[in-house]
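If you want the building blocks of each chain, they are given just below.
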Amino acid sequence: MGAQSARLRAVSVLRLRGRAMGAALLPAAVAVVLVAARATGRLAGDPWPAVTLVVCGVAALVLLLAGVFAAVVLRASPATTPTVPLSEAAAPDLYRLVRDLAERLEVPAPSAIALTPDCDSWLEDRTHATHRRGISGDPPPRDADAGFGTAPVLVIGSPFLWWMRVAELRAVLAPVVAGTGPSAQVDIAAARRFVRGLDAAVAVGQRRGLGYVAWLGRLLLRLCRDDAAEMERGVATAASERAQAVDYGLRIVAQEQVGLAYAGWDRLLTRVALPAWRLGRWPSRLDAGVVSALTELSRRDRLAEGFTSRLGERPACDLLEEPGVVDEAASLLAARLFHGGPAEPGPDWSPVDWAAYPEEVVDRKWRVEAARLHRALDALALPGGGGYAPQDAPGTHAPGPDPAGPAPDPLRAVVTAGSRAAAPGPTLERVLAYLSDGEGDALAGRIAADVAREELAPGEAERPNAPDALPLFPLQPPRSGRDLLADHVTAMVCCAAVDTAGAAPGLDWLDGPALLVDGERRNDLSPRVLSLVEDGDPEPLRSWLAELGVRAEKPVRLV
């Protein structure tokens, strides 16, 4: 029933395409009739010569514009999802599982498999000529000697391979693979190509001189939107009906794992990976980390109890020849999609493993934020730019005068030196005293401005449409000044605890950076920091510091 409905909707889309072609050919048809009538003498005398000339000119113009539009629709490269290509040599067992599944469902097997750093799976058509030439970034679905398959590519969420067991993955993929059956139907495939071509034409129409292409593409998309949506809904219904014969009972259980995987993956990206990305580091084993995050989630959440008992079964990542290499590629792609990082590693964009995460990410994050907090305090205390600066911290050196700049003013140098001598060092006591006076709004605004300026990538303004300039899917909305101030005060407290009370940076799989005291995580710091930031009351935090033996008057080490 779903397949028949999808086919009828596809025919409706193709009927719209035929009407559009007919409308483009109508002026030419009228011109041919007029020319033929003039040639046979049926339309002699005025005003028919002028009318025929005008109609022929209009017909030629319409044919020209329609030809350009048709060429754009046919040749424009449809958008594809950035993925990690997975060759058969890299995952022979996974390809075998998918082909066996397709055989049981009696549908064509997908032409290739790719991975995406997300908790979803779908079929993606990559039969367009530009995709075959490799413009999309992924290799062709098949070897050149074998030709290109017409079946779509199966895109699998990489977290599924590490968290799910083999049987669960097969059950989850069954309705997805079943979709290759309706996709092979001629009318549905043609309708999909037409809709994707229109979508690509709208993007191409943004170029100068092709504005009418975008307008016409939007018009046709608006006219076929309902039929295309119902067609896809019918395809999904048909695939679901066909997949009921394969692992139906197990699929119900596996869907629970999909929801759990999504929750853990989201927490891992926003709480653990994002702080590292902001520091120019990218965790190279995100998919392996999601197992730890979900195990911790199942330990804390009573609704997830019993899910960890599955870990004794064979994980789906065993279907890969080199799971570590695939995990690293998927982790790099995740950083590019969700943070806008470079497509390749480099000196300022290097991987970090989980063992080194506390020292190389957590500790550095705290000290970077503590340094920014004290720079903001300096700027507010001394508008002229004097006061304590991070380069004056122990073990660092202040930069010398710029040879190309103007000669230094001796009187200003004396005043600045005296101001720095009188300014307090990078101590937690300085922060407590400032916020106790109710000056949090000014400090929050200053920090928010500094963060916004630092997060703006160099050269981003010059290349706003560059693929690496901005994340395609930002993980978090812009943070308020108060939230940033609370984060920076927390970082300053953690630095003081590490430097004066023997605490240590740690990693919590669900909450990210954590402060460890005697090997145990302290999760009671946030309400005391909020009391200071929101109400200007330092007493709860001072009591907490005294309990741990943190010395607020001692300078901390900054970056």
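Described in the following lines is the structure provided in the data block.

Definitions and cut-offs
- Residues numbered from 1 in each chain as written.
- Predicted model: local features only at pLDDT ≥ 70, side-chain atom pairs only at ≥ 80, totals over all residues.
- Heavy atoms only, no water.
- Helix = DSSP H or I, 4+ residues; strand = E, 2+ residues; numbered from the N terminus.
- Expected span 1.5 Å × (residues − 1).
- Buried < 20%, exposed > 50% of the residue type's maximum accessible area, 1.4 Å probe, protein only.
- Arc of directions from axis to C-beta.
- Contact = heavy atoms within 4.5 Å.
- Axes fitted to C-alpha atoms, helices over the stretch in contact; angles between N-to-C directions.
- Parallel < 35°, antiparallel > 145°, perpendicular 65-115°, else oblique.
- Nonpolar A, V, L, I, M, F, W, Y, C, P; charged D, E, K, R; others polar.
- Left-handed = near helix turned anticlockwise from the far one by under 90°.
- Salt bridge = Lys/Arg side-chain N within 4 Å of Asp/Glu carboxyl O.
- 1 Å grid on protein atoms, 1.4 Å probe; cavity = no way out; pocket = protein on both sides within 12 Å on 5 of 7 lines; lining within 4 Å.
- Points joined across faces, edges and corners; volume = space filled by probe spheres on them.

### Details of helix α16 (residues 440–455)
Link 1 in the chain: Its 16 residues place the ends of α16 22 Å apart at the C-alpha level, agreeing with the 22 Å of an ideal helix rising 1.5 Å per residue.
Link 2 in the chain: Residues of α16 that are buried: Gly-440, Leu-443, Ala-444, Ile-447, Asp-450 and Val-451. Looking down the long axis of α16, one finds its buried residues gathered within 130° of arc, a one-sided arrangement. Those residues of α16 that are exposed and angled more than 90 degrees off the buried face are Asp-441 and Arg-453.
Link 3 in the chain: Along its buried surface, α16 packs onto α13 (357–381), α15 (428–436) and α17 (481–501).

### A look at the packing of helix α10 (residues 248–278) against helix α12 (residues 323–339)
Link 1 in the chain: Put simply, α10 and α12 touch, their axes get as near as 11 Å, and they point 90° apart. Viewed along their axes, α10 and α12 adopt a mutual orientation that is roughly perpendicular. For the pair α10 and α12, contact is made by Leu-269, Leu-274, Trp-277 and Arg-278 and by Ala-334, Ala-335, Phe-338 and His-339, respectively.
Link 2 in the chain: Looking at side-chain class alone, the contact of α10 with α12 contains six nonpolar, one polar and one charged residues.

### Section: the packing of helix α1 (residues 2–39) against helix α9 (residues 211–243)
What describes two packed helices is the angle between their axes and the distance between those same axes.
Link 1 in the chain: One way to put it is that α1 packs onto α9 with a least axis distance of 7 Å and a crossing angle of 160°. One finds that α1 runs roughly antiparallel with respect to α9. Remark: the crossing between α1 and α9 carries left-handed chirality. Residues Gly-2, Ala-3, Ala-6, Arg-9, Ala-10, Ser-12, Val-13, Leu-16 and Ala-20 of α1 pack against Leu-220, Leu-223, Cys-224, Asp-227, Ala-228, Glu-230, Met-231, Gly-234, Val-235, Thr-237, Ala-238 and Glu-241 of α9.
Link 2 in the chain: Looking at side-chain class alone, the contact of α1 with α9 contains 13 nonpolar, four polar and four charged residues.

### Digging into the pattern of salt bridges
Link 1 in the chain: Taken as a whole, this structure holds 32 salt bridges when the rule is applied.
Link 2 in the chain: Note that Asp-247 is salt-bridged to Arg-170, the shortest N-O span being 3.1 Å. Of this pair, Asp-247 sits in the loop between α9 and α10 while Arg-170 is found in helix α6 (residues 166–177), placing the two residues 77 residues apart along the sequence.
Link 3 in the chain: Owing to a relative accessible area of 21%, Asp-247 belongs among the partly exposed residues under this scheme.
Link 4 in the chain: Salt bridges linked by common partners bring Arg-267, Arg-271, Asp-508, Asp-511 and Arg-521 together as one network.

### A word on the layout of surface pockets
Link 1 in the chain: Estimated volume of the second largest pocket: approximately 990 Å³.
Link 2 in the chain: Only β3 (121–124), α4 (129–132), α6, α7 (180–183), α8 (186–204), α9 and α10 provide two or more residues apiece to the lining of the second largest pocket.
Link 3 in the chain: Tallying contributions element by element places α9 first for the lining of the second largest pocket, with seven residues.
Link 4 in the chain: Grouping the constituent residues of the lining of the second largest pocket by class yields 22 nonpolar, 12 polar and nine charged.

### A word on the side chain of Arg-192
Link 1 in the chain: With respect to the helices and strands, the residue Arg-192 is situated in helix α8.
Link 2 in the chain: With a relative accessible area of 18%, Arg-192 lands in the buried category.
Link 3 in the chain: Not counting residues up to four positions away in its chain, the partners in contact with Arg-192 are Ser-183, Met-231, Glu-232 and Val-235.

Coordinates in, geometry out; function isn't part of it.
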